[in-house]
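Geometric and topological summary
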Amino acid sequence: MIYYFSGTGNSRHVAEVLGEKLGMSVVDLGERIRRGNMDDISDDTMIVVTPTYCYRMPRIVEDYVSGLRISAKSVYYVLTCGGSMGNAAHYAEALSKSVGAPYGDTFSVVMPENYIAMFKTPGVEESRAIIQKAEGKIDAIARAVEKGERKKVHPRWSDRLISAVNGIYYSLFVKAKPFYAKDNCIGCGECAKHCVLANVVMEEGRPIWLDRCTHCMACINYCPVEAVEYGKKTKGRFRYTFEKVEEK
């Protein structure tokens, strides 16, 4: 079975395509987290599809999976990223070991950047080109899983270095305080609806951000009128969601 966590649709798309190619069911891991569902997982092959946040799996995913009882013959990780996954495979292997699940391999799939709080997001045409290129990589991953390939992680020193800043990134940058809604907010609640951690609540028709943010960027990118901003960093930047690019 395939379990995915997705902020703006990239990892969901990868999971769904893999599901079709491998004939496997697809489960929204974010929904399990939202509901506090800690049911045991028992599968021959388990695939976790998730974004990378600063060259590692999101802490919310690592923490959730580490609390599960998992019975599987092999666990594979497919990590979407804007460029490099750094040393994320090392942490994925360690996560498998911590839950007693045999580690298979970790793959990366480059998808359009959505971290609008720090980076410029690609426009529609550029995003489509990136997604199209990713299809071949997803196909290769499906073949590797079918063959039951397993790999031992041998990280490069450069990958170790860039992933080592993950702790600093979380302590300094993963904060919800800079989020705010402009006057053109229509009070639709889409930002709250897409927040896995229920960190966005509606008060008198306006969104309020609490202190449980994981920086998935769903609230800002799914706003239908682009009323949500993150300080001054996001002004004028394209709001990326997989659905938006697909529709256009």
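Sequence positions are assigned chain by chain, starting from 1 and proceeding in written order. Given that the model is predicted, a residue must reach a pLDDT of at least 70 before its local features are reported, and side-chain atom pairs must reach 80 or more before they are shown or counted; all residues, however, enter totals for whole chains, interfaces and linings. Excluding hydrogens and water, the side-chain values take into account all heavy atoms of the structure.

1. Concerning the packing of helix 1 (residues 10-22) against helix 5 (residues 124-147)
- Each axis is a line fitted through C-alpha atoms, and for a helix only the stretch in contact is used; angles between axes span 0 to 180 degrees, taken between their N-to-C directions. Counting from the N terminus, the helices are the DSSP runs of H or I reaching at least four residues and the strands are the DSSP runs of E reaching at least two. Remark: helix 1 packs on helix 5, axes separated minimally by 10 Å, with the N-to-C direction vectors making an angle of 45°. Classified by the angle between their axes, helix 1 and helix 5 sit oblique to one another. As for how helix 1 packs across helix 5, the hand of that crossing is right-handed. Between helix 1 and helix 5, the residues in contact are His13, Val14, Val17, Leu18, Lys21 and Leu22 and Ile131, Glu135, Ile138, Asp139, Ile141, Ala142, Val145 and Glu146, respectively.
- Taken together, the residues of the contact of helix 1 with helix 5 sort by class into nine nonpolar, one polar and four charged. Here is the rule for angles: anything less than 35 degrees is roughly parallel, anything more than 145 is roughly antiparallel, 65 through 115 is roughly perpendicular, and the remaining ranges are oblique. Take the far helix as your reference; a near helix turned counterclockwise from it by less than a right angle gives a left-handed crossing, and one turned clockwise gives a right-handed crossing. Any two residues whose heavy atoms approach within 4.5 Å at even a single point are treated as in contact. Just so you know the grouping, Ala, Val, Leu, Ile, Met, Phe, Trp, Tyr, Cys and Pro go in nonpolar, Asp, Glu, Lys and Arg go in charged, and all remaining residues, Gly too, go in polar.

2. Notes on the pattern of salt bridges
- Note on definitions: salt bridges are taken to be side-chain nitrogens of Lys or Arg within 4 Å of carboxyl oxygens of Asp or Glu. Per the counting criterion, the structure on display carries eleven salt bridges.
- In this structure, the salt-bridge partner of Glu31 is Arg35, at a minimum N-O distance of 2.9 Å. Linking Glu31 with Arg35, this pair stays in helix 2 (residues 29-35), spanning four residues, or about one helical turn.
- Glu31 sits in the partly exposed class, given a relative accessible area of 26%.
- A salt bridge links Glu125 to Arg128; the shortest N-O distance between them is 3.5 Å. One end of the pair, Glu125, and the other, Arg128, are both in helix 5, three residues apart, so they sit about a helical turn from each other.
- Exposed residues in this analysis have more than 50% of their type's maximum accessible area, buried residues have under 20%, and partly exposed residues fall in between, with area computed by a 1.4 Å probe over protein chains only. For Glu125, a relative accessible area of 57% translates into the label exposed.
- Residue Arg128 is classed as partly exposed on the basis of its relative accessible area, which comes to 31%.
- Among the ionic contacts, a cluster of salt bridges with common partners joins Lys21, Asp139 and Arg143.

3. Let's talk about unusual backbone geometry
- Here Met217, not a glycine, exhibits a phi torsion of approximately 70°, which is positive.
- Here Met217 lies in the loop between strand 8 (206-209) and helix 9 (218-221).
- The phi torsion at Glu226 lies on the positive side, around 55°, for a residue other than glycine.
- Mapped onto the elements, Glu226 comes out in the loop between helix 9 and strand 9 (228-230).

4. Side note on helix 5
- One less than the residue count of a helix, multiplied by 1.5 Å, gives the span that helix is expected to have. The end-to-end C-alpha distance of helix 5, which contains 24 residues, comes to 35 Å, matching closely the 34 Å that a straight helix rising 1.5 Å per residue would cover.
- Where helix 5 is concerned, the buried positions are Val124, Ser127, Ile131, Ala134, Ile138, Ile141, Ala142, Ala144 and Val145.
- Those residues of helix 5 hidden inside the fold are in contact with helix 1, strand 3 (41-51), strand 4 (70-81), strand 5 (103-110) and helix 10 (242-247).
- Downstream of helix 5 by a residue or two, Gly148 has a phi angle that is positive, lying close to 70°.

5. What about the domain arrangement of the protein chain?
- Once the domains are mapped, the protein chain shows domain 1 (2-158) and domain 2 (173-246).
- For domain 1 and domain 2, the distance between their C-alpha centres works out to 24 Å.
- A combined buried area of about 2300 Å² lies between domain 1 and domain 2, and 62% of that area is made up of carbon and sulfur atoms.
- Inspection of the region where domain 1 meets domain 2 yields one salt bridge.
- Residues Glu243 and Arg12 are paired through a salt bridge, measuring 2.9 Å at the closest nitrogen-oxygen approach. Domain start and end points were adopted from an automatic or database domain assignment. Two parts placed together each lose some accessible area under a 1.4 Å probe, and the buried area is that loss summed for both.

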